Every structure is written in C-alpha cells, then in structure tokens.
Amino acid sequence: MTKKVALITGINGQTGSYMAELLLHKGYEVHGVLRRSSYPNTQRIDSIFDPESRKYLHYGDLSEGIDHLLIDIKPDEVYNFAAMSHVRISFDIPVYTLDINAVGVCRILEGIRKICPHTKYYQASSSEIFGSTPPPQNEDSKFHPVSPYGIAKQAGFFLTKCYRNGYNIFACNGILMNHESPRRGVNFVTRKITRLACMIKLNMIKEITLGNLDAKRDWGFAGDYVKAIYLIMQHDKPDDFVVSTGEAHTVREFAEEVFKYLRLDLYKYLKTDDICKRPLEVNALLGDSTKIRETLGWKPKIGFKELIAMMVESDLMLVAEGKV
Ligand code: NAP
Ligand code: GDP
C-alpha cells in the first residue's frame, strides 16, 4: 500500500512536532514547512528528522503561501499549525498576526482549491475565539474574541468552513483549548512557571513575575490533543470539534501546584507586574468536548497534576544542563 503523505506547517512548533511523531508512527510520509531562521530552530524535531532525512523539511512562510509545496508534494492531508501563536504579543503586532493567522489560512485554502482540491485540510483553531463568552464553551457557543489573535483565528475558522461548504473541500477546524507539554514555548504561562520555578529550586534566580493570576484555563497535554486532531481528519465527514479536558484551573492554582511539587513556598518568590497583563483578558476557558468524545471516542489521558509533573521533571533536567 502506498504511504499517505502529510504536509505540516509549524512542524517545529510544540504541537506540530507531536503531530509529526504521531503521523510517522502511523506510517505516513511526513513533510514539514520551516521558516528560514538565523539560528537553528528544529530542536523539537531533531530526533525524528535526522540530517539525512532533511529532504522532508522545506522552506516556506504563510506570508506568501505554500503553493510551491502543494505542487511538489501533492499531500493527502495538510495540517496547518503555523501561526503567530502568542495572545499578548498579538497586541504588539496585530497586523502581522492577522496576515499570518487569517490571510495565511486563505492562502493555503486557495492553494488547495486550485492545485489539489482532494487534499484534506486541518485548521488549528483556538478556544480564544470564545473570548468573553462564559464557560463552558462548546461548538454552539458564541464567538466573542477579544484579542487580535482570537479575531484572526475566528477568521481562519470561518474561512475553513467557507471552503468546506463552498468548494466541497474536506476542511476541518479543531477548536482546541490550551495544550501544554515539556515542549511548550517558554513565554506561555505554564512553561514560564515550570522553567522559572526550576531555576529557583536550583538557586539560579530569586523571583518569578507574573500577570493575571485569576485567569482560568482548561490545560491539556499536547500529546493527547494530536490524537484528537488525527481522529478529526479520519472522520467520514469534515467537521468542527472542541477539544478540551473539561477541567479548568486558575494561573494561581497552576503556580501553587508547581511550587508544591518542588517543595517550595510560591509566595516567598512570587511578584506580579502589570507588564505581564494584556489590554483585554479572556477570563475563563473551560471546554465541553462532549461532541468529539461521543462522535470519535476521544478522551485525554493526562490530567492536570500529571501534566505538571511531566513539565517540571523535564525542566529540572534542561535547566540543570543549561539547555533552557
Ligand atoms: P508554537 O509552538 O508557537 O508553534 C507555532 C509554529 O508556527 C512554529 O513552528 C512557528 O515557526 C510557525 N510559524 C509562525 N509564523 C509562521 C509563518 N509566518 N510562516 C510559517 N510558519 C510560521 O505553537 P503551538 O502551541 O504548537 O500551536 C500550534 C497551532 O495551534 C498554532 O496555530 C496555535 O495558534 C494553535 N493553537 C495552540 C493552542 C495551544 O494551547 N498550544 C491552542 C489553540 C490553538 P518558528 O519556529 O519559525 O517561529
Ligand atoms: P493564552 O491562554 O493562549 O493566552 O496562553 P498563555 O499561557 O499566554 O496565558 C494564559 C493565561 O495566563 C492568560 O490569562 C494570561 O493573562 C495569564 N498570565 C498571567 N501571567 C502571565 C505571564 O507572565 N505570561 C503569560 N504568557 N501569561 C500570563
């Protein structure tokens, strides 16, 4: 049997790297899109793409689209994880965020429509599109995004639906709540806390500064969430699904649990500063993922405390070795 071919944008990001591992494990030929960088940016995928197999990694940028790769690779499935993915930074660079996270989606979908209309498309949508809508949020909840990031992701969501309904393209949205892992970017709150707490434990720094401690998030494990994405893409029809654990905690609770795990008193080290806050905040995200659980049989394996243990153990090693 010929191998299925997948093309992943954002393959060197947190979730793209887990997706690549899962698809390789399932026997896919996996290609990835990388932005040119002045410094190595493939740490998260170095273990799965050795220098010899680099023919599967291709330069590309959502600012110009990936038509050249659709033509050359003719993928069966495209997974679009590429994005300016940081909500607070989206307030600093809103125009760029809209270009990559919204117009970039249109560039890929137009490419698929013109070049390979039978290619399936996955859009990494986000629970940020719910914005100020109170929890729990599911597929029927109103979208009230409050950040340039959320607004751009809402456009990406509707573009994906538009190409599905208008052109019969197998295009799906995964509306994923926050997902974390030892590979999470260091400026997202979970990884910021685990990394800095480990540095405090190893006497390298003396304090940690955070913003809003009362925001609630539904934090899951990225490794569980790529399994949901795979199921969404193998379903018999294209559709949109909320993916979540169904359990929410405050930033304060996350930090308390991390410091407790390390046998440290959080309040001896914690400072807050408005500089870590956003002009507008999403107060509470808590997903109702009944639809994907009942339709596709997905459920997460890793709970809140296991996620924290996994991230702290990894950061203890990386910090001690001077790798982060
Ligand atoms: P991430 O670690 O920040 O990865 C983002 C990826 O996008 C990186 O590979 C990055 O490449 C790439 N990228 C950024 N701008 C690009 C551009 N102009 N052209 C091509 N590639 C570009 O984020 P993640 O956590 O893996 O999230 C993956 C996707 O899911 C994103 O679309 C994010 O918005 C969405 N999402 C994430 C969460 C979450 O909690 N993690 C929740 C809902 C939705 P560089 O390494 O070169 O920067
Ligand atoms: P987001 O949910 O995609 O915005 O993911 P983040 O991890 O960036 O932020 C999650 C929540 O933590 C938001 O409500 C932030 O306002 C809050 N938060 C509090 N302090 C910080 C901080 O120092 N950095 C970040 N990134 N978020 C913080």
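Just above, that's the structure.
**Description of the packing of aromatic side chains**
Right, so step 1: In the structure shown here, the tally under the stated rule is 13 aromatic pairs.
Right, so step 2: Taking 5.8 Å as the distance between ring centres and 45° as the angle between the ring planes, the aromatic pair formed by Phe81 and Tyr122 counts as tilted. Taken together, the residues Phe81 in the loop between strand 4 (77–80) and helix 3 (87–92) and Tyr122 in strand 5 (residues 120–126) connect sequence positions 41 residues apart. The exposure classification of Phe81 matches that of Tyr122, with both residues buried.
Right, so step 3: Ring geometry for Tyr163 against Tyr167: centres 5.0 Å apart, planes inclined by 50°, an arrangement best described as tilted. Of the two residues, Tyr163 and Tyr167 both sit in helix 5 (residues 148–167), 4 residues apart, roughly one turn of that helix.
Right, so step 4: Under the relative-accessibility criterion, Tyr167 is labelled partly exposed at 42%.
Right, so step 5: One residue, Lys291, lies across the ring of Phe241, its end atom 4.8 Å from the ring centre.

**Section: the site of ligand 1**
Right, so step 1: Surveying the vicinity of ligand 1 reveals 25 residues, the closest of which are Asn12, Thr15, Arg35, Ser85 and Tyr149.
Right, so step 2: Interatomic distance of 2.7 Å between a side-chain N/O atom of Arg35 and an oxygen atom of ligand 1.
Right, so step 3: Residue Ala83 places a main-chain N or O atom 3.2 Å away from an oxygen atom belonging to ligand 1.
Right, so step 4: For ligand 1, whose accessible area on its own is 900 Å², the fraction buried by protein is 89%.
Right, so step 5: Contributions of two or more residues to the shell around ligand 1 are made by helix 1 (14–25), helix 4 (94–115), strand 5 and helix 5.
Right, so step 6: Top element by residues in the shell around ligand 1 is strand 5. It accounts for 3 residues.
Right, so step 7: In terms of residue class, the shell around ligand 1 is made up of 10 nonpolar, 11 polar and 4 charged.

**Focus on the site of ligand 2**
Right, so step 1: Taken together, the neighbourhood of ligand 2 is formed by 17 residues, with Val189, Lys192, Arg217, Arg278 and Glu281 sitting nearest.
Right, so step 2: One of the side-chain nitrogen or oxygen atoms of Asn178 is found 2.9 Å away from an oxygen atom of ligand 2.
Right, so step 3: At 3.0 Å from a nitrogen atom of ligand 2 is found a main-chain nitrogen or oxygen belonging to Asn187.
Right, so step 4: For ligand 2, the accessible surface in isolation is 540 Å², of which the surrounding protein chains cover 95%.
Right, so step 5: Classifying every residue of the shell around ligand 2 gives 7 nonpolar, 5 polar and 5 charged.

Conventions adopted
Per-chain numbering applies: the sequence of each chain, read as written, is numbered from 1 onward. Chain letters and ligand numbers both follow the written order, the letters beginning at A and the numbers at 1. Local features in this predicted model are restricted to residues of pLDDT 70 or higher, and side-chain atom pairs are both shown and tallied only at a pLDDT of 80 or more, whereas totals for entire chains, interfaces and linings draw on every residue. Neither water nor hydrogens contribute to the side-chain values; these are computed over all heavy atoms in the structure. Stacked, edge-to-face and tilted are the three classes for Phe, Tyr and Trp ring pairs, Trp counted by its six-membered ring, which pair at centre distances within 6.5 Å; planes under 30 degrees apart are stacked, over 60 edge-to-face, the rest tilted. Numbered from the N terminus, helices here are DSSP runs of H or I no shorter than four residues, and strands are runs of E no shorter than two. Here the term buried applies to any residue with accessible area under 20% of the maximum for its type, exposed to any over 50%, and partly exposed to those in between, with areas from a 1.4 Å probe on protein chains only. Two thresholds decide whether a charge sits over a ring: the Lys NZ or Arg CZ must be within 6 Å of the ring centre and within 35 degrees of the ring normal. Put simply, a residue is near a molecule or strand once any heavy atom of it comes within 4 Å of that molecule or strand. Distance and chemistry together define a polar contact, namely a pair of N or O atoms within 3.5 Å, with one atom able to donate a hydrogen and the other to accept it when in protein, and with adjacent residues in sequence counting only for side-chain atoms on both sides. Every accessible area reported is derived by Shrake-Rupley at a probe size of 1.4 Å, with residue values counting cover from the shown protein chains alone. Following the grouping adopted for this structure description, the nonpolar residues are Ala, Val, Leu, Ile, Met, Phe, Trp, Tyr, Cys and Pro, the charged ones are Asp, Glu, Lys and Arg, and the polar ones are all others, Gly among them.

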